[in-house]
Amino acid sequence: MRRLYSVGMRYVFLALIMVFTLFPFFWLVFNSFKPSREIFTVRPTLRIQNPTLENYKWAMGPKGANLGRYLLNSIFTAGFAAIVTIIFATTGGYALGRFLFRGRESIAIFLILSQMFQGPLIMVPWYKMASALGIINTRLVLILIYGTATIPTCTWLMSGFYGNVPEDLEEAAMIDGCSYFAAFWRVVLPLVIPGIVAIGLYSFIIAWNDYQYALILTSSDFAKTVQVGLAELIGFFGKTSWGGIMASGVLTSLPVVMLFVVVQRYLVEGLTSGAVKG
Amino acid sequence: MSLLKRLSHRVAYLFLLPTLAYLIGFQTYPLVENIRLSFTNLSLIGRESVEYVGWENYRHFLAVDKQFWSILWNTVVWVFGSVLFQFVLGIPTALVLNMRIRARGLWRGLILIPWVMPVVVVSIVWKWIFDGQWGILNFFLREFHLISRNVIWLGNPQTVWPSLLLTSAWKGFPYITLMVLAGLQGIEKEVYEAAKVDGATGFRLFWHITLPLLQPTIFVSGLVAIVTTWTKFELIWVLTEGGPGNTTSTLATYIYTNSFVFYDMGKGAALAVMSTLVVLIVSLFYVKMLRRSSV
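Here is what the cut-offs are and how they apply
- In this convention, every chain numbers its residues from 1, walking through the sequence in written order.
- Chain letters start at A and ligand numbers start at 1, both assigned in the order the entries are written.
- For a predicted model such as this one, the threshold for reporting local features is a pLDDT of at least 70, and the threshold for listing and counting side-chain atom pairs is 80 or more; totals across whole chains, interfaces and linings nevertheless cover every residue.
- The side-chain values count all of the structure's non-hydrogen atoms but skip hydrogen atoms and water molecules.
- Only DSSP runs of H or I reaching four residues or more are called helices, and only runs of E reaching two or more are called strands; each is numbered from the N terminus.
- Three exposure classes are used, based on accessible area relative to the maximum for each residue type with a 1.4 Å probe and protein chains only: buried under 20%, partly exposed in between, and exposed over 50%.
- A contact between two residues is defined here by any heavy atoms of the two lying within 4.5 Å.
- For the purpose of counting charges, residues Lys and Arg are taken to be positive, whereas Asp and Glu are taken to be negative. His and the chain ends are not included.
- Positions of charges follow a simple convention, taking NZ of Lys, CZ of Arg, CG of Asp or CD of Glu.
- Per-residue confidence from the predictor is reported as pLDDT, which spans 0 to 100.
- By convention, the term buried area covers the 1.4 Å-probe accessible surface removed from two parts as they join, with the contributions of both added.
- What makes a salt bridge here is a side-chain nitrogen of Lys or Arg within 4 Å of a carboxyl oxygen of Asp or Glu, nothing more.
- Two aromatic rings from Phe, Tyr or Trp, using only the six-membered ring of Trp, form a pair when their centres are within 6.5 Å; if the ring planes differ by under 30 degrees the pair is stacked, by over 60 it is edge-to-face, and anything between is tilted.
- The criterion for a charge sitting over a ring is simple: Lys NZ or Arg CZ within 6 Å of the ring centre, and within 35 degrees of the ring normal.
- Only residues above 30% relative accessible area that lack a salt bridge enter a patch, with like-charged residues linked at up to 9 Å and the nonpolar side chains Val, Leu, Ile, Met, Phe, Trp and Tyr linked at up to 5 Å.
- Per-residue and other accessible areas follow the Shrake-Rupley method at a 1.4 Å probe size, with only the shown protein chains counted as cover for residues.

Draft legend 1. Summary view of the overall build of chain A. Within chain A, the regular secondary structure consists of 13 helices and zero strands. Starting at the N terminus, the α and β elements of chain A follow one another as α-α-α-α-α-α-α-α-α-α-α-α-α. Summarising its shape, the C-alpha atoms of chain A cover approximately 75 × 70 × 35 Å along the three principal directions. Within chain A, the proportion of its 278 residues that are buried is 56%. A separation of at least 24 residues holds for 70% of the contacts in chain A among residues at least 6 apart in sequence. Placing the 20 positive and 12 negative side-chain charges of chain A at their respective mean positions leaves the two points 15 Å apart.

Given below as structure tokens:
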């Protein structure tokens, strides 16, 4: 009896936690299908009388939020940020995960420290640097600054992935006459593709979700990301078009939520490895 | 000794070079440049020449600007409040998700949604939930007769902080859950069995066995959470822009407003340097923890 009770409690707690966690997300998606009339009501309802796609039309259409262009900017910057991260993290991670060399520990510490100093701490010099280089208000500057946020963590994650590849493989390849780089390129890299996919998607998510860097470094329609566009909507339409803003929010979060489902398993393992060791 | 380990260090350095160059150029250099700029009167508008003004910017905040100290206090409330509530939510959630329940993998995945959602979208949802006129929070509290009149949660100095901290806790607790779950899985089953033989159950088991064993995990993830909250102003910016008045301004939003709203980048840089010092101290502590645990 007591055991049954405790099992029951388990599910009560689980239900409470899940409702708290998921309700805001549900509320966002749910309201995005309501017509204005049903959104601005004194008694919010859990049933939509006239479900509508109006809000989504508003989000994408020229009369409303016109998100299309910003979504493309975001896909472009986040995609390239992922590629840049992959290039630097696969090489740096290989050195850290495979070789014992003088200064290895200092470099590991340097990486850990780099990921700490973000956002407001480096904003002013970055703005000045970008202006001096003439790349302010471009997608390039965002790609470059996102690298500073993603490369340290991803290099670290990659070194873990390399650690799982048996060393004999490279040794065999080198005995067969491959150079270091050929062994790396042809033998090792293909084996860490799951890792590459994981860090690529992780960087994509980080870059996609960023607001603070894009807010400071971009303002024109050619470079602005969807997060900046979305935040501006609140100021412009916050009193009138909540349904449309919600639909825009859904369009902005859906890609990352879906990507995350794909990449979750690999990432969780890598990101928590520090905790388990502790 | 294996072939690779015998290898010249040269190859390793060659592989590391691009990453190091990138980070030194785009991450370390800005931090140093920041220090230099903090001694200048760099501005985005008006002034043609940039002059060195010595400690003037620092003196301004530490001695002249009356808001600085209250903003510093806000930052402490914001950072420690957020992290505290993230643990208050995160640890019990991890405990539940570590129990034997149906579809556990699914729940463990879904719990991470707040963490992976873009912060702007999170702010939008909560802004709507907190809305003074149409918000569902007011509706529920009215239904249960906890309030008689609508509260403008984000517009009232008394309620704005609890509202922000709730949002921040919701956004950040999945990370703590994730880390604590990993920590829980590292605890040997034998430890619990031994404790149960000695008659410990339920809460006492948690308090005397689980919590002490989780201590390293809690420290490490806590320090990361502190730094992450310290260096982000997005949530506050979208929800309140530091208002009403300066009630919810923190160092991070203040750096932004000084540099990019008032265009006084020298002052912004000075604030950033002070902020960096705090992060540096926390980070060194973090590195020390990591090194101790990996030995």
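Let's pick the thread back up.
Draft legend 2. Representation of the confidence of the model for chain B. All names here are of chain B. Here chain B averages 89 in pLDDT, while 95% of its residues score no lower than 70. Confidence, read as mean pLDDT per element, is least for helix H1 (residues 3–6) in chain B (53) and greatest for helix H4 (residues 67–97) (95). Interface scoring of the predicted complex returns ipTM 0.91; its pTM is 0.91.

Draft legend 3. Local environment of the interface of chain B and chain A. At the interface, 98 residues of chain B touch 98 residues of chain A. Regarding the contact of chain B and chain A, the summed buried area is about 9,300 Å², with carbon and sulfur atoms giving 79% of it. At the junction of chain B and chain A, the tally comes to two salt bridges. For Lys128(A), the salt bridge identified is with Glu33(B), shortest N-O distance 3.2 Å.

Draft legend 4. Geometry of the pattern of salt bridges. Applying the stated rule across the entire model yields 10 salt bridges over all chains. Close ionic contact of Glu143(B) with Arg43(A) constitutes a salt bridge, the shortest N to O distance being 3.2 Å. Here the residue Glu143(B) occupies a position in helix H8 (residues 136–143), and Arg43(A) occupies one in the loop between helix H2 (36–39) and helix H3 (54–60), the pair thus bridging two chains. Judged by relative accessible area, Glu143(B) falls into the partly exposed class, the value being 38%. As a salt-bridge pair, Lys232(B) and Glu234(B) come within 3.8 Å of each other at their nearest N and O atoms. Taken together, the shared-partner salt bridges in this structure form one network comprising Lys128(A), Glu33(B) and Arg36(B).

Draft legend 5. Structural detail: the environment of Ile71(B). All names here are of chain B. Examined against the element boundaries, Ile 71 turns out to sit in helix H4. Separated by 100 residues in the primary sequence, Ile 71 and Lys 171 have C-alpha atoms spaced 23 Å apart. Excluding residues within four positions of it along the chain, Ile 71 makes contact with Ser 249, Thr 250, Leu 251 and Tyr 254.

Draft legend 6. Expanded view of the packing of aromatic side chains. Within this structure, the stated rule accounts for 42 aromatic pairs over all chains. Geometrically, the ring pair formed by Phe101(A) and Tyr13(B) is edge-to-face, given 5.3 Å between the ring centres and 70° between the ring planes. Highlighted residues: Phe101(A) in the loop between helix H4 (68–98) and helix H5 (104–114) and Tyr13(B) in helix H2 (residues 9–37), drawn from two different chains. You can call Tyr13(B) partly exposed: its relative accessible area is 35%. Ring geometry for Phe39(B) versus Tyr58(B): centroids 5.5 Å apart, planes at 45°, classification tilted. With Phe39(B) in the loop between H2 and helix H3 (56–64) and Tyr58(B) in helix H3, the pair connects residues that are 19 residues apart, well separated along the chain. A network of ring pairs unites the aromatic residues Tyr94(A), Phe99(A), Tyr162(A), Phe181(A), Phe184(A) and Phe15(B) as a single cluster. Its guanidinium or amino end placed over the ring of Phe76(A), Arg139(A) lies 4.1 Å from that ring's centre, counting from NZ or CZ.

Draft legend 7. Just a nonpolar patch on the surface, in detail. Nonpolar side chains collect at one region of the surface, where Phe76(A), Phe80(A), Ile83(A) and Ile87(A) lie side by side and expose about 360 Å² of accessible area between them. Mapped onto the secondary structure, Phe76(A) falls in helix H4.

Draft legend 8. Quick look at the side chain of Thr252(A). Mapped onto the elements of the fold, Thr252(A) is located in helix H13 (residues 242–277). Looking at Thr252(A), the relative accessible area reads 0%, which means it is buried. For Thr252(A), the residues in contact, after removing those within four places along its chain, are Leu67(A), Trp208(A), Val226(A), Gln227(A), Leu230(A), Pro118(B) and Val121(B).

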